[in-house]
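# Structural overview
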Amino acid sequence: MRLYLYAAGPLGAAAVSLCRSSTGRGVRINKVHFGYTRIQHSELRINQIMDAQRLHGQTFTMSYSLQIVVDCTNPHELADWWAETMGWQVEPSDEEFIRSMVAKGFATEEQTTLHHGILVWADGQAINPNADTSAGAPRILFQRTDQEKRGKNRIHWDVRIGDDDKATVRTNLEARGATFLWEASQGPHTWFTMADPEGNEFCIS
């Protein structure tokens with residue numbers, strides 16, 4: 001088993017201090033972009049990093065990134081729709097990488113398709129708010145499923161439209177294939193609940 005720990009700032013400094021004392025025991029320290037430190041070791045334990053950090057008078061807080069995955073029938077079409085709705089971008093396809101995976105036998109031609117004339121993976125497409133596709137960047141992944149949607153989703157997201165007029169946004173979304181479901185309010189706050197072209201609920205507020 002190998003542990004890859006990505007640490008930044010004071011935690012990274014504490015981890016490097018600990019690992020440099022262990023370089024004779026299989027520890028490798030690799031600097032990566034954005035000021036992060038990657039430490040690889042087959043036996044390194046997270047509590048050792050925490051102990052090292054406590055020696056420096058620091059507190060340890062771990063947080064995780066979040067990717068939302070949406071099951072759908074047509075992932076590329078729905079990704080296009082949501083990218084336009086959110087003002088986000090569809091993540092660009094690495095056609096050379098896809099071809100290399102097929103050539104090396106790690107994938108098949110049937111797992112690929114053309115979308116807008118570009119070679120893409122057939123079963124999934126992601127969108128994000130900017131060009132940063134590094135780990136931790138906000139991301140929504142649309143993936144193909146053969147299962148039909150039944151009933152209301154147990155999770156949805158709210159599209160916060162700022163100063164834009166909700167009625168105008170609703171009209172524009174309906175013109176692009178969304179469905180208005182209902183209007184609701186809580187105190188002075190009101191919102192519209194909508195469904196995207198595949199029936200996934202969301203709110204605009």
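Residues numbered from 1 in each chain as written. Predicted model: local features only at pLDDT ≥ 70, side-chain atom pairs only at ≥ 80, totals over all residues. Heavy atoms only, no water.

## Some remarks on the overall build of the chain
Assigned secondary structure in the chain consists of five helices and 13 strands. Taking all 205 residues of the chain together, the buried fraction comes to 32%. For the chain, contacts bridging at least 24 residues in sequence account for 59% of all contacts bridging at least 6. On the chain, roughly 13,600 Å² of surface is accessible, and the fraction owed to carbon and sulfur atoms is 50%. (Helix = DSSP H or I, 4+ residues; strand = E, 2+ residues; numbered from the N terminus. Buried < 20%, exposed > 50% of the residue type's maximum accessible area, 1.4 Å probe, protein only. Contact = heavy atoms within 4.5 Å. Areas by Shrake-Rupley, 256 points an atom, 1.4 Å probe, with all protein chains shown as cover.)

## Focus on helix α3 (residues 75-86)
Spanning twelve residues, α3 covers 16 Å between terminal C-alpha atoms, matching the ideal 16 Å at 1.5 Å per step. For α3, the set of buried residues is Pro-75, His-76, Leu-78, Ala-79, Trp-81, Trp-82, Ala-83 and Thr-85. (Expected span 1.5 Å × (residues − 1).)

## Notes on the nonpolar core
Judged by nonpolar contacts, the single largest core of 20 residues is most densely connected at Trp-82, Phe-142, Leu-173, Phe-202 and Ile-204. Looking at this core, the element that brings in the most residues is α3, giving five residues. Not counting residues up to four positions away in its chain, the partners in contact with Leu-173 are Trp-81, Thr-85, Ala-178, Met-194, Phe-202 and Ile-204. (Core = buried A, V, L, I, M, F, W, Y, C linked by side-chain atoms within 4.5 Å.)

## A short note on the confidence of the model for the chain
Looking at the chain as a whole, the pLDDT averages 79, with 68% of positions reaching at least 70. With pLDDT under 50 throughout, residues 1-19 is counted as low confidence; its partners more than four residues away or in other chains account for 50 contacts. Low pLDDT, under 50, characterises residues 29-50; the stretch is placed with 61 contacts to residues that sit more than four places away or in other chains. (pLDDT = per-residue confidence, 0-100.)

## Considering helix α4 (residues 95-103)
Where α4 is concerned, the buried positions are Ile-98, Met-101 and Val-102. The arc that holds the buried residues of α4, viewed along the axis, is 100°, so those residues lie on one side. Looking at α4, the residues exposed on the side facing more than 90 degrees away from the buried face are Glu-96 and Ala-103. For α4, the secondary structure elements touched by its buried residues are β6 (112-115) and β7 (118-121). Positive backbone phi, approximately 85°, marks Gly-105, located one or two places after α4. (Arc of directions from axis to C-beta.)

## Things to note about the side chain of Thr-193
With respect to the helices, strands and loops of the structure, Thr-193 is situated in strand β12 (residues 189-195). When sequence neighbours within four positions are dropped, the list of residues in contact with Thr-193 reads Thr-179, Phe-180, Leu-181, Trp-182, Phe-202 and Cys-203.

## A closer look at unusual backbone geometry
At His-116, a position not held by glycine, the phi torsion is positive, near 55°. Its place among the elements puts His-116 in the loop between β6 and β7. On the basis of relative accessible area, His-116 is assigned to the exposed category, the value being 66%.

## A word on the pattern of salt bridges
Proximity of charged atoms lets side chains of opposite charge pair with each other. Counted under the stated rule, the structure contains six salt bridges. A salt bridge links Arg-139 to Glu-91; the shortest N-O distance between them is 2.7 Å. Note that Arg-139 is positioned in strand β9 (residues 139-144) and Glu-91 in the loop between β5 (89-90) and α4, a separation of 48 residues in sequence. The buried category is assigned to Glu-91, whose relative accessible area is 13%. Residues Arg-144 and Asp-123 are paired through a salt bridge, measuring 3.0 Å at the closest nitrogen-oxygen approach. In this pair, Arg-144 sits in strand β9 while Asp-123 sits in the loop between β7 and β8 (124-128), placing the two residues 21 residues apart along the sequence. (Salt bridge = Lys/Arg side-chain N within 4 Å of Asp/Glu carboxyl O.)

## Overview of the packing of aromatic side chains
According to the stated counting rule, one finds five aromatic pairs in the structure shown. With centroids separated by 5.5 Å and ring planes inclined at 90°, the aromatic side chains of Phe-180 and Phe-192 adopt a geometry described as edge-to-face. Note that Phe-180 is positioned in strand β11 (residues 179-186) and Phe-192 in strand β12, a separation of twelve residues in sequence. Look at Phe-180 and you get partly exposed, because its relative accessible area is 24%. Classification of Phe-192 as buried rests on a relative accessible area of 9%. In this arrangement the basic side chain of Arg-170 is found over the ring face of Phe-180, its NZ or CZ atom lying 3.6 Å from the centre. One Lys or Arg, Arg-170, reaches over the ring of Phe-192 and ends 5.6 Å from the middle of that ring. (Phe/Tyr/Trp six-rings, centres within 6.5 Å; stacked < 30°, edge-to-face > 60°. Lys NZ or Arg CZ within 6 Å of the ring centre and 35° of its normal.)

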